[in-house]
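Read off the chains here:
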Amino acid sequence: MSFFFRSAPTTTASASASASASPSAPVADGVRPLVEVEDLQVRFVSREATVHAVNGVSFSLMPGEVLCIIGESGSGKSVTMRALMRLLPAHKTRMSGRMRVGDKDVLALSPSELTAMRGALVSMIFQEPMTALDPVYTIGEQIAETVMRHTGCSRAAALRRGLELLEFVKVPSAERRLKAYPHELSGGLRQRAMIAMALSCNPSLLLADEPTTALDATVQIQVLILMRKLQKELGMSVIFVTHDLGVAAQIADKVAVMYAGRIVEMGSVKEVLSNPQHPYTRGMLASTVHGQDRDRDIEAIPGSPPDMRRLAPGCSFAPRCAHATEECLASAPPEIRMGPARAVRCFRAGQFGAPSASLAIA
Amino acid sequence: MWLYVARRILYAVPIALGVTAFCFALVYLAPGNPLQLLLPPDASAEVIELIKKTYGFDKPIPVQYAIWLGRALTGDLGVSIATNRPVTGEVLGALSNTVILSVAAVILAFSLAFTLGLLAAWFNGRWVDRLVTGFSIVGVSVPNYWLGMVLIIVFAVNMNWLPATGMGSKGSESFRLTDWEQLRHAILPVVTMSMIPLGIIMRTTRSAVSEVLNHDFVQTLRAKGLGEFAVLRHAVRNALPAVLAVMGLQFGYLMGGSILIETIFTWPGTGFLLNKAILTRDIPVLQGTILVLALIFVATNLAVDLIQTAVDPRIKRA
């Protein structure tokens with residue numbers, strides 16, 4: 001079946017190999033990053049208030065690389081992803097900065113160029129497979145619709161492609177499932193169908209917005225393994241949003257930790273999870289369950305996330321930070337580079353040692 | 001699927017029977033004795049007995065009902081007291097006139113209401129939406145008999161563009177909408193009648209479509225590269241069951257004809273017939289008309305149920 005899929009170009013494969021060896025090397029072997037985001041700002045404007053959802057996010061992603069964006073609800077991770085496809089409601093969203101995917105300048109695309117990009121160059125899978133599929137169309141019709149939209153092929157050919165895709169994502173009795181409505185499938189199968197739909201036009205970049213969060217624990221792992229396998233086979237880049245550090249450790253090459261609309265720490269998955277340098281990342285790692293005594297309380301980060309309508313001038317995490325000083329409250333810390341692809345937004349970055357407990361990296 | 005259809009039809013039977021029982025009971029629910037309508041006040045006891053026997057009033061009520069039902073099933077609804085003609089013919093003649101009016105009104109109202117509702121949903125919260133919403137509130141609030149009279153005053157009396165009443169000189173026997181002379185007579189009543197369902201269907205379409213547009217899957221549709229027109233098509237397909245349900249009910253109401261509108265425009269439909277029958281205390285005509293209209297309403301509801309099942313895969317078809 002692989003003739004139908006674009007096989008991963010060799011350059012991509014080498015780039016992903018070099019990326020996994022040292023995710024820091026950006027343009028080392030002449031390969032341009034697939035995604036470049038520079039100083040992305042997203043604000044939601046309404047009559048009552050302006051919500052500063054994303055405040056200057058920059059990152060780049062090589063072909064075949066997997067980036068995990070980690071952060072709690074409201075940290076701007078989903079908004080960043082939707083901004084990459086310009087899926088946010090146009091009339092109340094203000095975006096600035098630069099976003100490039102492939103050779104497309106995302107913010108400069110016309111409406112027709114935008115719809116041509118969505119689902120083909122970049123596609124997305126969502127958190128809730130229950131509600132993310134149209135309930136009154138069959139799975140086959142929904143996949144075929146995407147294929148027909150981007151390839152202009154016949155309905156019959158599109159349905160054949162749909163069947164092939166369902167088999168590719170390991171949906172059992174695919175022929176029957178093609179004719180099924182979403183409500184007739186389990187959550188795991190629905191998410192597989194969603195993945196099949198997203199892959200239908202060979203995207204170079206797959207955006208996954210917490211695709212395993214709404215699933216049962218056992219199904220979560222199956223879907224995660226499937227996604228990692230597909231990513232390796234197809235050689236596509238993936239941006240994976242999650243708040244599950246374990247998931248990040250499983251699938252990511254690079255990790256970006258977001259807080260209050262900023263990336264506060266970024267680096268290879270190994271560096272970030274074993275040697276976190278931002279107090280927020282450290283707090284988050286400390287608050288996970290990792291074999292501590294049962295009677296010891298899990299260390300939660302005190303306080304709550306800031307009000308995104310009224311952000312203070314200083315470091316957004318400072319009010320909750322045990323290490324905060326006058327300096328932190330006065331001005332936002334700059335990005336401190338700690339290696340070729342490692343950056344931390346904290347005045348005290350580099351002053352923390354490796355934490356006593358860290359997640360085992362797969 | 002066919003099993004489901006058969007079951008729904010079966011469910012409609014007891015409702016239809018209930019309707020016939022009610023229509024039969026009308027004779028006894030109406031004030032006074034049914035015999036008083038037929039007889040002069042000074043009729044002798046023998047004459048009363050004779051009439052009782054010929055009309056079957058001497059038998060117990062359940063037997064009377066069975067006989068009446070048997071006749072009704074064969075299409076015999078009795079004889080009009082006022083005109084002495086068979087009720088079946090009177091009702092069917094009036095019904096065909098009402099159908100002309102209500103089908104035209106339904107087509108006009110449904111297409112206009114659906115389009116406007118869709119526009120309002122699409123421009124949710126913007127001026128188009130507010131305009132349409134305002135229009136639909138006016139449509140719901142304005143009494144249609146008042147609107148009918150205003151239309152007559154403006155278009156028939158003041159401007160003299162359209163006839164005020166009736167179905168034209170050729171009468172109701174050979175009425176055709178393709179004939180402009182006859183069509184002219186239908187315009188004002190059709191417009192007035194279409195105002196009845198316009199507002200409510202507009203509101204239903206607007207709320208159903210804008211609710212669907214807020215669902216998560218709309219984002220999926222955009223994310224897979226569909227244009228706004230294709231997204232709207234999905235939204236309509238999802239909103240259709242809710243809209244169809246209201247449309248079906250409204251269609252049922254309009255099929256019953258409107259006593260007020262048909263009386264104002266002297267349109268010889270079922271509403272006009274009912275009005276006449278009430279004024280002349282013509283119980284058989286009243287009975288027959290109500291029976292036919294109620295059965296049409298039951299059938300419309302059944303049809304809507306079945307159509308809904310066909311368009312919404314989430315309704316279980318077992």
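Note that this is a predicted model, so its numbers are computed, not measured.

About the cut-offs
- Residues numbered from 1 in each chain as written.
- Chains lettered and ligands numbered in written order.
- Predicted model: local features only at pLDDT ≥ 70, side-chain atom pairs only at ≥ 80, totals over all residues.
- Pairing = 2+ DSSP bridges.
- Helix = DSSP H or I, 4+ residues; strand = E, 2+ residues; numbered from the N terminus.
- Buried ≥ 20, exposed ≤ 12 C-beta atoms within 10 Å, placed from the backbone.
- Contact = placed C-beta atoms within 7 Å.
- Axes fitted to C-alpha atoms, helices over the stretch in contact; angles between N-to-C directions.
- Parallel < 35°, antiparallel > 145°, perpendicular 65-115°, else oblique.
- Left-handed = near helix turned anticlockwise from the far one by under 90°.
- Nonpolar A, V, L, I, M, F, W, Y, C, P; charged D, E, K, R; others polar.
- Right-handed = clockwise from strand over helix to strand, strands pointing away.

Peer 1: Could you clarify how one ought to interpret the sheet that holds strand β1 (residues 35-45) of chain A in this entry?
Peer 2: All names here are of chain A. Spatial ordering of the open sheet is given by β2-β1-β4-β5, a layout of four strands whose pairing is antiparallel. The open sheet is flanked by β2 (50-61) and β5 (104-105), the only strands paired with a single partner. Two elements, strand β4 (residues 93-101) and β5, share two bridges in a ladder whose sense is antiparallel. The residue bridging V101 from the neighbouring strand is K104, located in β5.

Peer 1: Mind showing me how you'd approach the environment of A132 of chain A here?
Peer 2: The topology assignment puts A132 of chain A in the loop between β6 (122-125) and α4 (139-151). For A132 of chain A, a count of 27 C-beta atoms within 10 Å gives the class buried. As a C-alpha pair, A132 of chain A and V241 of chain A span 109 residues in sequence and 16 Å in three-dimensional space. In contact with A132 of chain A, other than residues within four places in its own chain, are F126 and M194 of chain A together with D216, F217 and T220 of chain B.

Peer 1: What is the right way to look at the packing of helix α10 (residues 228-255) of chain B against helix α13 (residues 283-311) of chain B in this model?
Peer 2: Two measures define how a pair of helices packs: the angle their axes make with one another and the distance between the axes. All names here are of chain B. Running from N to C, α10 and α13 cross one another at 165°; their axes reach a closest spacing of 9 Å. It follows from the interaxial angle that α10 and α13 lie roughly antiparallel. The handedness of the crossing between α10 and α13 comes out as right-handed. Here L240, P241, L244, A245, G248, F251, G252 and M255 of α10 lie close against α13, whose contacting residues are I296, F297, T300, N301, A303, V304, I307, Q308 and V311. Considered class by class, the residues forming the contact of α10 with α13 number twelve nonpolar, five polar and no charged.

Peer 1: How should the sheet that holds strand β9 (residues 254-259) of chain A be read in this particular structure?
Peer 2: Sheet strands pair by backbone hydrogen bonding; their relative direction is either parallel or antiparallel. All names here are of chain A. On the basis of which strands lie adjacent, the open sheet formed by eight strands has the order β6-β7-β8-β3-β9-β10-β12-β11 and mixed pairing. Each end of this open sheet is capped by a strand with a single partner; those strands are β6 and β11 (336-337). As judged from the five bridges shared by strand β7 (residues 205-209) and strand β8 (residues 237-242), these two strands associate in the parallel manner. Bridging across to β8, L207 finds its partner in I239. Packed on one face of the sheet, helix α2 (residues 77-85) meets β3 (66-70), β6, β7, β8 and β9 and runs near 145° to β7.

Peer 1: Sorry if this is basic, but what is going on with the environment of K232 of chain A here?
Peer 2: In this structure, K232 of chain A sits in helix α8 (residues 217-234). Along the primary structure K232 of chain A and E65 of chain A are separated by 167 residues, whereas in three dimensions their C-alpha atoms are 9.5 Å apart.

Peer 1: Please explain the pairing of β8 of chain A as it appears in this structure.
Peer 2: Two faces make up the sheet, and in a regular strand the side chains alternate between them. All names here are of chain A. Here β8 lies mainly inside the structure; six of its six residues are buried. Of the two faces of β8, the one holding S237, I239 and V241 and the one holding V238, F240 and T242 are both buried throughout. Note that β3 and β8 share five bridges and pair parallel. Bridging from a neighbouring strand, I70 pairs with T242 of β8. Tracing the backbone out of β7, into α8 and back to the parallel element β8 gives a crossover that is right-handed.

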